[in-house]
Structure formats: structure tokens, C-alpha cells
Amino acid sequence: MSAASCLQSKHQFLCSICLDVFTDPVTTSCGHNFCKNCITEHWNSNVQYLCPMCKKVFNTKPELHVNTLLSEMVSQFRQEAQQKASSSSSEQQAAKPGEVPCDVCTGTKLKALKSCLVCLTSYCETHLEPHLTMSGLKRHQLMDPVENLEDRMCMKHDKPLELFCKTNQTCVCMLCTYSDHKTHEFVPLKEEYEGKKAELGKTEAEIQQMIQKRRLKIQKIKQSVELSKEAADRETAEGVQVFTALKESVERGQAKLINSIKKRQKKSEKQAEDFIKELEQEISELMKRSSEVEKLSHSEDHLHLLQNFPSLKAAPPTKDWTEVSIRPPSYEGTVVRAVAQLEEKLSEEMKKLVKAELKRVQKYAVDVTLDPDTAYPELILSDDGKQVNHGDKRKNLPDNPKRFSDCANVLGKQSFSSGRFYFEVQVKRKTEWTLGVARESINRKGQITLRPQDGYWTIWMRNGNEYKALAGPDVDLSLKSQPQKVGVFVDYEEGLVSFYDIDTVDLICSFTGCSFTEKLYPYFSPCPHDGGKNSAPLIICPVNQTA
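What counts and what doesn't
- Once a new chain begins, its residue numbering starts again from 1 and follows that chain's sequence as written.
- Local features are withheld for residues below a pLDDT of 70 in this predicted model, meaning they are given only at 70 or higher, and side-chain atom pairs are given and counted only at 80 or more; totals for whole chains, interfaces and linings count all residues.
- The basis for every side-chain value is the complete set of heavy atoms in the structure, and neither hydrogens nor water enter the calculation.
- Strands are runs of DSSP state E lasting at least 2 residues, helices are runs of H or I lasting at least 4, and numbering of each runs from the N terminus.
- As a reference, a globule follows 2.2 Å times the number of residues to the power 0.38, and the radius of gyration itself is taken over C-alpha atoms.
- Classification of residues uses two cut-offs on accessible area relative to the type maximum, computed with a 1.4 Å probe and protein chains only: under 20% is buried, over 50% is exposed, and between them is partly exposed.
- Working rule for contacts: check all heavy atoms of both residues, and any pair within 4.5 Å makes them a contact.
- Each accessible area is a Shrake-Rupley estimate made with a 1.4 Å probe; only the visible protein chains count as cover when residues are assessed.
- Patch membership requires over 30% relative accessible area and the absence of a salt bridge. Like charges are linked within 9 Å, and nonpolar side chains (Val, Leu, Ile, Met, Phe, Trp, Tyr) within 5 Å.
- A pair is scored as a salt bridge if a Lys or Arg side-chain nitrogen falls within 4 Å of a carboxyl oxygen belonging to Asp or Glu.
- One requirement defines pairing of two strands: DSSP has to find at least two bridges between them.
- With axes taken as lines fitted to C-alpha atoms, and helix axes fitted only over the stretch in contact, angles between N-to-C directions fall between 0 and 180 degrees.
- Among the buried residues, those of types Ala, Val, Leu, Ile, Met, Phe, Trp, Tyr and Cys that are joined through side-chain atoms within 4.5 Å form a nonpolar core.
- Positive charges come from Lys and Arg, negative ones from Asp and Glu, while His and the chain ends are left out of the count.
- Think of each charge as sitting on NZ of Lys, CZ of Arg, CG of Asp or CD of Glu.
- Cavity: a set of points on a 1 Å grid over the protein atoms alone where a 1.4 Å probe fits but cannot get out. Pocket: an open set with protein on both sides within 12 Å along at least five of seven lines, its lining residues, like those of a cavity, having an atom within 4 Å of a point.
- Grid points are joined across faces, edges and corners, and a volume is the space filled by probe spheres set on the points.
- Gly is put with the polar residues, along with every residue not named as nonpolar or charged; the nonpolar set is Ala, Val, Leu, Ile, Met, Phe, Trp, Tyr, Cys and Pro, and the charged set is Asp, Glu, Lys and Arg.

Before going further, it helps to spend a moment on the overall build of the protein. Counting its regular elements, the protein contains seven helices and 23 strands. What you see for the protein is a C-alpha radius of gyration of 56 Å, clearly larger than the 24 Å of a compact globule of 547 residues, by over 25%. Seen along its three principal axes, the alpha-carbon backbone of the protein occupies a region of about 195 × 90 × 35 Å. For the protein, the proportion of its 547 residues judged to be buried stands at 32%. By sequence separation, contacts in the protein at least 24 residues apart represent 56% of the contacts at least 6 residues apart. As displayed, the protein offers around 35000 Å² of accessible surface, 52% of which is attributable to carbon and sulfur atoms.

Structure follows, in C-alpha cells:
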């Protein structure tokens, strides 16, 4: 029977020190086999000469000789293993660029399936088998294949990194615990791994939650863009419809104007034609009479001349044309009246547009109440915070940073730093008032200038009928009637502040292109009571949708 036929399994030919197939196998007196170099280096690095397998101690260093029988069996095994490896290499994949190759394979390096943290070696399917079958190797820690396994060795002690130093938050070997990290706290790598893995799981969950929130935000932004597009399309359609109607109205007015002028001109031409026709008829009659008179005057027949003289001595009856004339038609006021009619039409369309716009902005109505901590000490606020008027006496109130010290002003409690908001204020029976919005950082002490540069976007009424937009410089406002209730609308992102006359459904004025960078507060000033003439309060009213 050949040596090869006696082979039972591959692990019989593995050195227990290097865990690889024997090279120059030697046998100790206790009967255990090792690679000659492996056992020699092992004894050179230890004080005692003992067997790594059974721990038998030798008093002197044993003399070693190669086991020729085992060497032949190993040689035969290597040949069979090489043949098997070459036949299986066609089935197993060679390591591609970026993949971890087997450290044991010679020639073509096959793709590693696992790396051993104890052996610091990566194995393909064939060379991994001992770690799956041999009891001593089964205890080794296997992991998915990784490169640079030497990085898992302690640089100082050349030992595997098996522990985690919690004090320094670093991986160490066993010998580190007796030297640089002697007084530190340690845990096995696996324990720290589990803890960190749990933390990573939590972190991953948090990241996934953040991703989900951002995906939802993207969805909301896309929905906002879609809504914006729909609003833009709707506004464009409405604008085209309105301007088409206005254009048609202008064209009709123009056609009507031209037709009116043409009718007058044609009437004038017809009158002239009639006069000319009548004159030409008279001229014809006169020429006929002239011919008869001339003929009679040359007659030598005495009787004939005397008999016809009475009928020919006078000119035929004709019209007195002395006062008759053709006056060009008067066109004064024609264009003015046409433009006035067009203006009336534009006013009607404008009224419809403002009504529709007001109905839209009223949907952004907010509940506004007055903030007593900001009120000028002479102002009187109602218990519900909806009314304010000027009193006769100055109340003893704490002069906090929010309070106006010298001007009859008060702000709303509610602040707005995004979006749109709208509120309405009754100004009925007042001779003076100021309304609008103000930013949070406005100056509230001493005299105040109301203008956008100083954080105020307001309009006012003075002397019962004078209206201004306090735009710095101020702009006079020409209103058809005295507002009884004023609506205030703000679009924060658009930089828009608009004021409406609720009863007449007119746009009073707008501040456009504003740059808002901080909180905005509703602003109210009932102004001094003026001896009772301006004692009526400003009243924040509930918003009723415009019909």
C-alpha cells in the first residue's frame, strides 16, 4: 500500500505551529511532528525546551532529524493538493482588482472567502477548510476578507490587537496592558465592537430619519413648486383674460371714436353736397334766363320784345345764400369722452380685480391682539386687546425695553417671520390714525421717524382727509372716499405690504420690493385724542370674507 493511500485527511499534514503543510517535518521524542524551522524558532524564543502539543519538558535541546516517511507522505500530499487546487481553480474565481486574494495560493491567486484574525492570513475556499474542520483552528476568529492584516498587529509588541483601551479609545494587544496602558480600563474587542455596533445602529437610524425628513422636505418643496406653478398659470390665465377684455374694450372705444368722427364728417360732406347741388340748379336756371334775356335784347321785333319783357325783366326766384356756410364739425371733447368711458371701464375691471385679490388675501387672516407691554403710557387698551384709544392721563407703567416712550404707538402680540398674514382695523369716526407693520428691532424710545429705512411700513390719515404712504419720502394718496375699515396684508417672502379700503373694495397703496430679515409685528397708532375730536378707538375686527 502506497503512502498516499494511507491519507485520511489534510489536517494530518499541518504543523500545529505555523498551521501550514509540513516543511521538513521532524518528530520529537514525545511523538509529535513539527516543521523543523518552526520548532527550532519556538525553542530559541523560550527559556524551556517543551513540546508545544503535550507540554513535555526536555532538559536539553533535543537533536532533530527529518522524518523521511512523513516527508514523503507530505510530498505526495502536496502533489495531490496541487492537482486538486488546479482542478478547482477553474471552478473558483481568481481574485479581481479590488478583491482580497488568498495568501496561501501559489501561482494564480484565488479570491479569499475569509480572513483569520489569529493567523493574520486570508484564505480561499480550499485553504479555508482546515479552519472549518480542525478543532484547534475552529476557535480562531474569522471575518469577511480584508487587506493589510498586518495593521491588526501591535506595532510595538508584534502581537494581535485583542483588547480595546477605553481610557485612550484605542485598540491594544495583551502586552500593552502591562506597559503603556497599565492603569487603563480594558474590554475585549468583541464587547467594544458590540457597543459601537449598537451606537452605529442608533446613528444609522438617526441618519435614516434625517434622510426621511429631507425626502419629505423635498416632497413638500416639489409640492410647493407645483402649487406655485398652478397659481402662476391661474394668475397668467386671469391676467390674459383681463387684458384681452381691456384690449377689446380699447379697440371698441377706438372704433366707436373713429366711427363717430366719420359720421360727423360725412354729415358735413352731405350738407355741402346738397348746398352745391342747389347752387348748381340755381346757376342753371340763371344761365337759362340770361340766355333768354340776351336773345330778347337783340330782337328787332318790337311787339315780341314788349310782350315778353315783363316776364324776363326780373331774375328768376333764388335762395339768399349770404348767411349760408358750411361749418366744420366740432370734435372738441370727442377723444376726452372716449378716454373717460375707457377709464370708467378700466375702473370697473380694476374693481373686479381688487375684489378678487382681497378675497384671496383674506384667507390669510390671523388673530391679532394688542401687546400692553409695548403700549405708550397714555394709551388705553381694552381687556380683550382688540381696541386702543388715546387717554388724557399718563399711566405709571414700567419703562421696559419694548415700550414706546414718547409716541402714541402699540404693537400686536403676534409676530411673523415667514409666509403671509392679514388683519383688518376699523378707523371709523377718527380724524387721525396710523397703521401698518414694524420690524422687531425698531427704536421705541424718543421721537420716531416712520419709514421703511427705520423698520416701519405704514400709512396715515391726518386732518380728517389727508392720506400719505410713509415711504421716506412720503407719498400723497388720492382716495375716492374716507375709509371706514382698513385691511393690511403682508407677504413676507415676496416683500409686499398692501393696504385696502374694505368698504369700497379699493387698493389704497402697496409697498413692494421690501426686504424682511426679522420678525414683523402689526403696528397701531390711534394718535392724540385732540380734545375729544379723535377719541374714537382703533378696533381690530374679525375678518368677513368679501362677497
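In this section: a nonpolar patch on the surface. Side chains of Met-174, Leu-175 and Tyr-178 sit close together on the surface and give an oily, nonpolar patch of about 330 Å² of accessible area. Mapped onto the fold, Met-174 is located in the loop between β9 (170-172) and β10 (186-188). Judged by its relative accessible area of 40%, Met-174 is partly exposed.

In space, the six strands of this open sheet follow the order β13-β22-β15-β16-β17-β18, with antiparallel pairing throughout. Two strands lie at the open edges of the sheet, namely β13 (410-411) and β18 (475-477), each paired on one side alone. With four bridges joining them, strand β16 (residues 456-462) and strand β17 (residues 466-469) adopt antiparallel strand pairing. Within β17, the position partnered with Trp-460 by the bridge is Lys-468.

Moving on to the sheet that holds β10. As summarised here, the arrangement of the three strands in space is β9-β8-β10, forming an open sheet in which the pairing is antiparallel. Edge strands, defined here as strands with exactly one partner in the open sheet, are β9 and β10. Going across the sheet, the axis of each strand differs from the next one's by a mean of 35 degrees, ignoring polarity. Two strands pair when backbone bridges link them, and strand β8 (residues 163-165) and β10 are joined in this way by three bridges, in the antiparallel orientation. Paired with Leu-163 across the bridge in β10 is Pro-188.

It is worth spelling out the nonpolar core at this point. Trp-433, Ile-459, Phe-499 and Phe-524 are the most contacted members of the largest nonpolar core, which totals 37 residues. Counting residues in hydrophobic clusters, the runner-up holds 20 residues, among them Leu-14, Leu-70, Met-73 and Val-74.

We now examine a positive patch on the surface. A cluster of basic residues, Arg-234, Lys-355, Lys-359 and Lys-363, forms a positive patch on the protein surface. With respect to the secondary-structure elements, Lys-363 resides in the loop between α7 (334-361) and β11 (379-381).

Once that is clear, we can look at the layout of surface pockets. Approximately 1200 Å³ is the volume attributed to the largest pocket. As for the largest pocket, its lining consists of 35 residues, of which Ala-231, Arg-234, Glu-235, Arg-360 and Arg-420 are closest to the centre. Tallying contributions element by element places helix α5 (residues 189-297) first for the lining of the largest pocket, with 14 residues. Class assignment of the residues belonging to the lining of the largest pocket gives a composition of 15 nonpolar, seven polar and 13 charged.

What follows deals with the pattern of salt bridges. Tallied over the entire structure, the rule returns 20 salt bridges. A salt bridge links Lys-196 to Glu-192, with the nearest nitrogen and oxygen atoms 2.2 Å apart. Residue Lys-196 and its partner Glu-192 are located together in helix α5, separated by four residues, close to a single helical turn. Its relative accessible area of 31% is what places Lys-196 among the partly exposed residues. A relative accessible area of 8% places Glu-192 in the buried class. Across the salt bridge formed by Lys-270 and Asp-274, the nearest N and O atoms sit 3.0 Å from each other. Taken together, the positions of Lys-270 and Asp-274, both in helix α5 and four residues apart, correspond to about one turn of that helix. By sharing partners, the salt bridges in this structure join Lys-166, Glu-192 and Lys-196 into a single network.

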